[in-house]
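Fold and contact review
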Amino acid sequence: MKKELTVFLTGVMFLTRLPVPKNIDHGENYLQKSPTYFPLIGWIVGLISFAAFFIFHKFVGADIGLLAAIIAGIFTTGCFHEDGFADTCDAFGGGWTKEKILAIMKDSRLGTYGVAGLVLMLSVKFLLLKELVTWFSFKAVTEKELYLLVAVTMVAAHAVSRLMPVFVIQYYQYVTADDGSKSKPLASKKLQWPELTSSVVFALLPLAFFHYYVLLAIVPVLLISFKLANYFKKWIGGYTGDCLGAIQQVAEVTFYLSVLIIWKYIL
């Protein structure tokens with residue numbers, strides 16, 4: 001139990017800026033197993049985002065609440081996934097060979113593709129969440145039910161979207177131009193089936209609070225995630241840490257879009 005707690009806290013340290021005990025470091029043995037808990041860490045990010053939404057929605061308004069939720073998520077993770085998405089946009093937008101793509105990813109400067117991609121990603125995320133809250137408000141009987149729907153949506157989105165990089169780590173090859181990459185230890189050893197199963201359970205559990213039709217949202221999330229992974233494989237032979245961040249971000253907005261479509265046209 002103590003070992004698993006250390007693995008979990010190592011994952012928290014890796015994916016977020018949340019404080020952990022001083023004895024927790026990026027030990028390779030623990031980091032290799034930490035993807036087991038990536039979706040569970042998504043719960044934490046989702047709950048913090050919802051808490052920000054709840055406070056500002058209650059006392060200011062829905063739009064400010066959603067903006068606060070997005071900002072809270074960014075501060076919680078230290079822009080970890082957003083940075084990966086922006087770097088991926090720069091690399092695949094400006095590079096036409098494996099070597100060039102990896103060189104651009106390694107560059108700490110942010111280019112036009114990265115800026116444009118990040119602005120569009122955050123805008124799409126805000127607009128989808130706004131539409132979801134509007135639709136939930138129309139469907140919900142009470143304010144309490146509205147908050148429950150928003151909370152479950154945010155937690156599920158952050159959990160499911162963090163399961164997608166776990167699958168990519170499991171089934172694709174890691175590539176990098178930098179042997180000192182922080183993400184490299186994650187790829188050096190695959191999860192065992194019990195660990196992978198636990199990760200899937202952590203990701204799907206929040207959906208138990210939804211109508212079972214919402215499980216259909218998993219299908220497009222899986223499809224777009226593996227489509228991206230295959231695209232990365234075609235160009236660079238596998239994935240990088242930045243690619244994982246990009247997959248998480250795209251999976252998150254795909255989940256929001258899928259849930260919105262299910263609520264509007266199926267439920």
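Right above here is the structure, for reference.
Predicted, not measured: the structure shown is a model, and the values here were computed from it. (Residues numbered from 1 in each chain as written. Predicted model: local features only at pLDDT ≥ 70, side-chain atom pairs only at ≥ 80, totals over all residues. Heavy atoms only, no water.)

All right, on to the packing of aromatic side chains then. In total, this model carries 20 aromatic pairs according to the counting rule given. When the ring of W96 is compared with that of W235, the centres are 6.0 Å apart and the planes differ by 70 degrees; the resulting orientation is edge-to-face. Of this pair, W96 sits in the loop between α5 (80–94) and α6 (98–106) while W235 sits in helix α11 (residues 218–236), and the two are 139 residues apart along the sequence. Exposure remark for W96: the relative accessible area of 64% places this residue in the exposed category. Judged by its relative accessible area of 27%, W235 is partly exposed. An angle of 70 degrees between the planes, with centres 5.4 Å apart, marks the rings of Y174 and Y239 as edge-to-face. (Phe/Tyr/Trp six-rings, centres within 6.5 Å; stacked < 30°, edge-to-face > 60°. Helix = DSSP H or I, 4+ residues; strand = E, 2+ residues; numbered from the N terminus. Buried < 20%, exposed > 50% of the residue type's maximum accessible area, 1.4 Å probe, protein only.)

Right, let's talk about the nonpolar core for a bit. Counting residues in hydrophobic clusters, the biggest one holds 79 residues, and the most contacted among them are F53, F92, V150, M154, M164, Y239 and F255. The biggest single contributor to this core is helix α8 (residues 143–171), with 16 residues. F255 has contacts with T153, A156, A157, V160, L207, A217 and V221, leaving out every residue within four places of it along the chain. (Core = buried A, V, L, I, M, F, W, Y, C linked by side-chain atoms within 4.5 Å. Contact = heavy atoms within 4.5 Å.)

Considering all chains together, one arrives at seven salt bridges under this definition. Put simply, K33 and E195 hold a salt bridge, and the shortest N to O gap is 2.9 Å. Linking K33 in helix α2 (residues 28–33) with E195 in helix α10 (residues 193–204), this pair joins segments that are 162 residues apart in sequence. Across the pair K130 and D63 runs a salt bridge, and its minimum N-O distance is 3.5 Å. Taken together, the residues K130 in helix α7 (residues 112–139) and D63 in helix α4 (residues 62–77) connect sequence positions 67 residues apart. Of the residues examined, K130 reaches a relative accessible area of 33% and is grouped as partly exposed. Look at the salt bridges and you will find they share partners, linking E82, K125 and E252 into a network. (Salt bridge = Lys/Arg side-chain N within 4 Å of Asp/Glu carboxyl O.)

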